[in-house]
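As a plain string of letters, each chain reads:
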Amino acid sequence: MTKKEAILSSALKLLTEKGVHNTPMSAIAKAAGTGMGTIYNYFPNKDILINEIYIGIKNKEKELFVKFDADQPIKTQFELYFTSIIDFFIANPESFQFMEQLQASPIITEEIRTEGAKAITPVKDLLIKGKQERIIKAIAVDELLMFIGGAVLSYLRWYFNQTEIKNSSLKNQIQLVWDGIKE
C-alpha cells in the first residue's frame, strides 16, 4: 500500500468511526503511520481528502457495471445492479457509512458530485431503455433513481442492524422494487 493509499484508508476508517468534525488531520496521519508534512503533500486540507475518498468509492461503484451484459433482459440487468450495489456495500461497510454521512454534505464539491454521478450512468441508461421498451414506468429517471436509491439505502441500514439475516430478504427487496418500477 502506498502512503497515499494508507492515508485514504486510515481516513475512511477514522471518519466513519469518529465523524468528520471529530477527526483531525493529525489523527489521520498518525493512523496512516506518516507525518503531517506527508499528509499535506497529498491533501492540502481535510475537505480535499474527503472528496478524494468520495470519488474513490464512486469509482469502485462504477466498476460494478463494467461486466454487465446489455443484451440481457431489463429485469435481469436491474436485478444484477441491485444485487451488485448491495453486495459492494456489505463487503465495504466503512464505504457505506462514509457515503451515508457525507452524501448530502457541503464538503463534497459540485465538481466531485458531478463526476461521482457518472458511476450510475449504466443504470440511467438501463432505465431509459426500459422506459422506451415500455418495461419501466414512464416516470422521470431521476425519480426512479431516487426510489431505487432509497430502497438500497433502507435495505443496507436494515442489514447492518440485524443479528440474523434471512436469505430471502434481498430477493424480496429486489422483487418489491422491481414491482414498483415496472410498467
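In short, a report on the structure. (Residues numbered from 1 in each chain as written. Predicted model: local features only at pLDDT ≥ 70, side-chain atom pairs only at ≥ 80, totals over all residues. Heavy atoms only, no water.)

## A word on the overall build of the protein
(1) Moving on: Tallying secondary structure elements over the protein gives 10 helices and zero strands in all.
(2) Moving on: Written out in order from the N terminus, the α and β elements of the protein read α-α-α-α-α-α-α-α-α-α.
(3) Moving on: In terms of overall dimensions, the protein has a C-alpha envelope of 55 × 40 × 30 Å along the principal axes.
(4) Moving on: Residue burial in the protein is summarised as follows: out of 183 residues, 39% are buried.
(5) Moving on: Looking at the protein as shown, the accessible area adds up to about 10,300 Å², and 52% of this sits on carbon and sulfur atoms.
(6) Moving on: Charged side chains of the protein number 22 positive and 22 negative; the gap between the two group centres comes to 3 Å. (Helix = DSSP H or I, 4+ residues; strand = E, 2+ residues; numbered from the N terminus. Buried < 20%, exposed > 50% of the residue type's maximum accessible area, 1.4 Å probe, protein only. Areas by Shrake-Rupley, 256 points an atom, 1.4 Å probe, with all protein chains shown as cover. Lys, Arg positive; Asp, Glu negative; His and termini not counted. Charge placed at Lys NZ, Arg CZ, Asp CG, Glu CD.)

## Some details on the side chain of T23
(1) Moving on: Examined against the element boundaries, T23 turns out to sit in the loop between α1 (3-18) and α2 (25-32).
(2) Moving on: The class for T23 is buried, based on a relative accessible area of 1%.
(3) Moving on: Not counting residues within four places of it along the chain, the set of residues in contact with T23 comprises L14, L15, K18, I28 and K46. (Contact = heavy atoms within 4.5 Å.)

## Focus: the pattern of salt bridges
(1) Moving on: Taken as a whole and assessed by the stated rule, the structure comprises seven salt bridges.
(2) Moving on: When the shortest N-O distance is used, the salt bridge between E52 and K4 registers 3.2 Å. With E52 in helix α4 (residues 46-63) and K4 in helix α1, this residue pair connects regions lying 48 residues apart in the sequence.
(3) Moving on: Relative accessible area serves as the criterion here: at 29%, K4 is assigned to the partly exposed category.
(4) Moving on: Between E79 and K75 there is a salt bridge whose closest N-O contact spans 3.7 Å. Of this pair, E79 and K75 are both found in helix α5 (residues 74-91), four residues apart, which corresponds to roughly one turn of the helix. (Salt bridge = Lys/Arg side-chain N within 4 Å of Asp/Glu carboxyl O.)

## Examining the environment of A27
(1) Moving on: Tracing the backbone through its elements, the reader meets A27 in helix α2.
(2) Moving on: What makes A27 partly exposed here is its relative accessible area of 26%.
(3) Moving on: Distance in space between the C-alpha atoms of A27 and T83 is 35 Å, their sequence separation being 56 residues.

## Concerning the packing of aromatic side chains
(1) Moving on: The tally for this structure, following the rule as stated, stands at 10 aromatic pairs.
(2) Moving on: Here the aromatic residues F88, F89, F96, Y155, W158, Y159 and F160 are joined through ring pairs into a cluster of three or more. (Phe/Tyr/Trp six-rings, centres within 6.5 Å; stacked < 30°, edge-to-face > 60°.)

## Notes on the packing of α4 against α5
(1) Moving on: For the pair α4 and α5, the least separation of the axes is 10 Å and the interaxial angle reads 135°. Judged by the inter-axis angle, α4 sits oblique to α5. Every pair of crossing elements has a handedness; the one defined by α4 and α5 is right-handed. Contacts between α4 and α5 involve I57, K60 and E61 on the former and, on the latter, I85, F88 and F89.
(2) Moving on: By residue class, the composition of the contact of α4 with α5 is four nonpolar, no polar and two charged. (Axes fitted to C-alpha atoms, helices over the stretch in contact; angles between N-to-C directions. Parallel < 35°, antiparallel > 145°, perpendicular 65-115°, else oblique. Left-handed = near helix turned anticlockwise from the far one by under 90°. Nonpolar A, V, L, I, M, F, W, Y, C, P; charged D, E, K, R; others polar.)

Take it as geometry only, folks, not as evidence of what the structure does.
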